[in-house]
Amino acid sequence: MDFKRGDFPDGFIFGAATAAYQIEGHSFGGAGPTHWDTFAAGPGNVVRAEDGAIACDHYHRYAEDLDLLKNGNFDAYRFSTSWARVMPDGRTVNTEGLDYYDRLVDAMLERGLKPFQTLYHWELPSALADKGGWMNRDTCDAFADFTDVITDRIGDRVASIATINEPWCVSYLSHFIGHHAPGLRDIRATARAMHHINLAHGRAMTRLRGKGMKNCGIVLNFAHTEARDDSPPAIRAATISDAIANRWFIEAITKGKYPAEALEGLAQHMPAGWEDDMAEISQPIDFLGVNYYTRSIVAADPGGVWPHVAASEGPGEKTQMGWEIFPKGLHGFLTRMAQEYVADMPLYVTENGMAWDDTVADGAVADPVRTKFVSDHILATRQAIADGANVRGFFYWSLLDNYEWAFGYEKRFGMVHVDFETLKRTPKASYHALKEAIKRED
């Protein structure tokens, strides 16, 4: 790694991130079924129809995994609390689930790790999906009730709370492109989901503020978007793509409005009276989480449907996901957020990482591409700080190889290799390199 801890401001946090459904195992502990279980059971939706029934069995092995964080010199653990574990039907409390998160948070604190909680990382209880899921406004109120329940149990010990992880994925990717649960390709469903997930954030913030909670925010995903050429159609396509993928959520939250370029296609499908929700959606947050992975090269697709956009990866080296490695984009979003949206508000890189076809050889995993990827993106973060962005921390995605949604267990993002037959953990070379880079000199 081409940096050390001392290159960053005092108090800068180095962490790793995971998500409940991807690592815990949802076939025990009283967890209820989710729309991801249903989606995975549909033909062709998920590689080998794999689901999160066992995943990494973090539910039983969390102590071992938290030791990896502590021994790796990390400061914090970004985790999510599964709605379907805490309230299996979306409404009724499962005490066993609350007890698990009690133990998990206490175990973090015992190891000197700061708990960075995310309330929702995509595991919608099936009972709520049956009633329309994020197309149904009532889901926002149910989510607010979940926020109350989990915060009453662990809110006194977490360092921060993010309401939603990647609302673009929850709504647009899942309801328009159909790549994630519930797997729809319906513009009316999309418009409603894109608004209701914002409203759910607002409702959760209202409940959190009512409890006097501090350090509350949201985690948004961004993809560097640029036109394939300087032709007016390509530039317009890039502008529309940026409005949908990058501006819709941050402008709702910080400016109380939606981008006009996105509303051109979505306005007629929006729920009645949506404008009245914008004040609650745009109430102040304390931090913004930035998830960044790649860039998108955009051209016009006049023969298709709205938004008439054709996107492709850039020419650089690709990860196992086929995503271009483009660290410059992370620097760009951190400085853009500071300059255009949040000013001096704390920013965190809440996810950044890459998948590779990693294998264990002689008890070790060599992953030089990931080691360079991490170093280059952390250096891009350092440059953003130098250029005025108030970035307070960097969380690698992910601590463990895990259930990668529609890609099943095929794509490996972890700094720690997981054998999904034996569940044995093997730290990769990138883990050891980052451990050395972030060690404390005192």
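Calculation criteria
Residues numbered from 1 in each chain as written. Predicted model: local features only at pLDDT ≥ 70, side-chain atom pairs only at ≥ 80, totals over all residues. Heavy atoms only, no water. Helix = DSSP H or I, 4+ residues; strand = E, 2+ residues; numbered from the N terminus. Buried < 20%, exposed > 50% of the residue type's maximum accessible area, 1.4 Å probe, protein only. Contact = heavy atoms within 4.5 Å. Salt bridge = Lys/Arg side-chain N within 4 Å of Asp/Glu carboxyl O. Phe/Tyr/Trp six-rings, centres within 6.5 Å; stacked < 30°, edge-to-face > 60°. Core = buried A, V, L, I, M, F, W, Y, C linked by side-chain atoms within 4.5 Å. Polar contact = N/O pair within 3.5 Å; in protein donor to acceptor, adjacent residues only side chain to side chain. Pairing = 2+ DSSP bridges. Arc of directions from axis to C-beta. Axes fitted to C-alpha atoms, helices over the stretch in contact; angles between N-to-C directions. Parallel < 35°, antiparallel > 145°, perpendicular 65-115°, else oblique. Left-handed = near helix turned anticlockwise from the far one by under 90°. Nonpolar A, V, L, I, M, F, W, Y, C, P; charged D, E, K, R; others polar.

(A) Main features of the environment of A142. In this fold, A142 is placed in helix 7 (residues 138-154). Among the residues examined, A142 registers a relative accessible area of 0% and is labelled buried. For A142 and L128, which are 14 residues apart along the polypeptide, the C-alpha to C-alpha distance reads 8.7 Å. Ignoring any residue separated from it by four or fewer positions in sequence, one finds A142 in contact with W83, G90, R91 and L128.

(B) Examining the pattern of salt bridges more closely. Counted according to the given criterion, the structure contains 40 salt bridges. Of the charged contacts in the structure, one is a salt bridge between E261 and R247, with a shortest N-O distance of 3.1 Å. Of this pair, E261 sits in helix 11 (residues 260-266) while R247 sits in helix 10 (residues 232-255), placing them 14 residues apart in sequence. One salt bridge in this structure joins R336 and E340, with 3.6 Å as the shortest N-O distance. On the criterion of helical spacing, the pair formed by R336 and E340 is a turn pair, its members being four residues apart in helix 13 (residues 328-342). Given a relative accessible area of 42%, E340 falls into the partly exposed group.

(C) Fine view of the packing of aromatic side chains. Evaluated as defined, the whole model comprises 41 aromatic pairs. Measuring from ring centre to ring centre gives 6.1 Å for W83 and Y120, while their planes differ by 80°; the resulting arrangement is edge-to-face. A residue pair is termed long-range when its members are at least 10 positions apart, and W83 in helix 4 (residues 83-86) and Y120 in strand 3 (residues 114-120) qualify at 37 residues. Classification of Y120 as buried rests on a relative accessible area of 0%. One aromatic cluster in this structure is built from Y21, W36, F39, W122, Y403, W405, Y409 and F420.

(D) Summary view of the nonpolar core. In terms of nonpolar packing, the biggest core is built from 128 residues, with W83, W134, F143 and M337 touching the most fellow members. The contact partners of W83, leaving out residues within four places of it in the chain, are P88, G90, Y120, E123, L124, P125, L128, W134, T139, A142, F143 and F146. I13, F116, Y293 and M321 belong to the second largest nonpolar core, which has 15 residues in total.

(E) Quick peek at the side chain of N291. In this structure, N291 sits in strand 6 (residues 287-300). For N291, a relative accessible area of 0% puts it in the buried group. Within the structure, N291 has its side chain in polar contact with the side chain of E166 (distance 2.9 Å). With residues up to four places along the chain from it excluded, the contact list for N291 reads R78, N165, E166, V219, L220, N221, F222, T350 and E351.

(F) Quick look at unusual backbone geometry. Of note, the amide linkage connecting A181 to P182 takes the cis form, showing an omega dihedral of 10°. In this structure, P307 follows W306 across a cis peptide bond, with omega equal to 15°. Inspection of the secondary structure puts P307 in the loop between strand 6 and strand 7 (309-312). We note that D57 has phi near 55°; this positive angle belongs to a residue other than glycine. Looking at the element boundaries, D57 is found in the loop between helix 2 (35-40) and helix 3 (58-71).

(G) Quick peek at the pairing of strand 4 (residues 160-165). Within strand 4, six of the six residues are buried, which leaves it mostly tucked inside the rest of the structure. Where strand 3 lies against strand 4, four bridges are found, and the strand directions are parallel. Note that in strand 4 the partner of Q117 across the bridge is I161. In this structure, strand 4 lies alongside strand 5 (residues 216-227), joined through three bridges in parallel fashion. Paired with A162 across the two strands is G217, which belongs to strand 5.

(H) Fine view of helix 15 (residues 429-437). Of the positions making up helix 15, those classed as buried are S430, Y431, L434 and A437. Looking straight down helix 15, one finds that the buried residues subtend no more than 130° of arc, so they occupy a single side. In the core, the buried residues of helix 15 are packed alongside helix 3, helix 14 (368-386), strand 10 (416-418) and strand 11 (425-427).

(I) Seen up close, the packing of helix 8 (residues 167-175) against helix 10. Across the interface, helix 8 lies against helix 10 with an axial gap of 10 Å and an inter-helix angle of 130°. Considering the angle they form, helix 8 stands oblique to helix 10. Of the two elements, helix 8 crosses helix 10, and the hand of that crossing is right-handed. From helix 8, P167, W168, S171 and Y172 reach across to helix 10, where they touch I244, A245 and F249. Counted by class, the contact of helix 8 with helix 10 contains six nonpolar, one polar and no charged residues.

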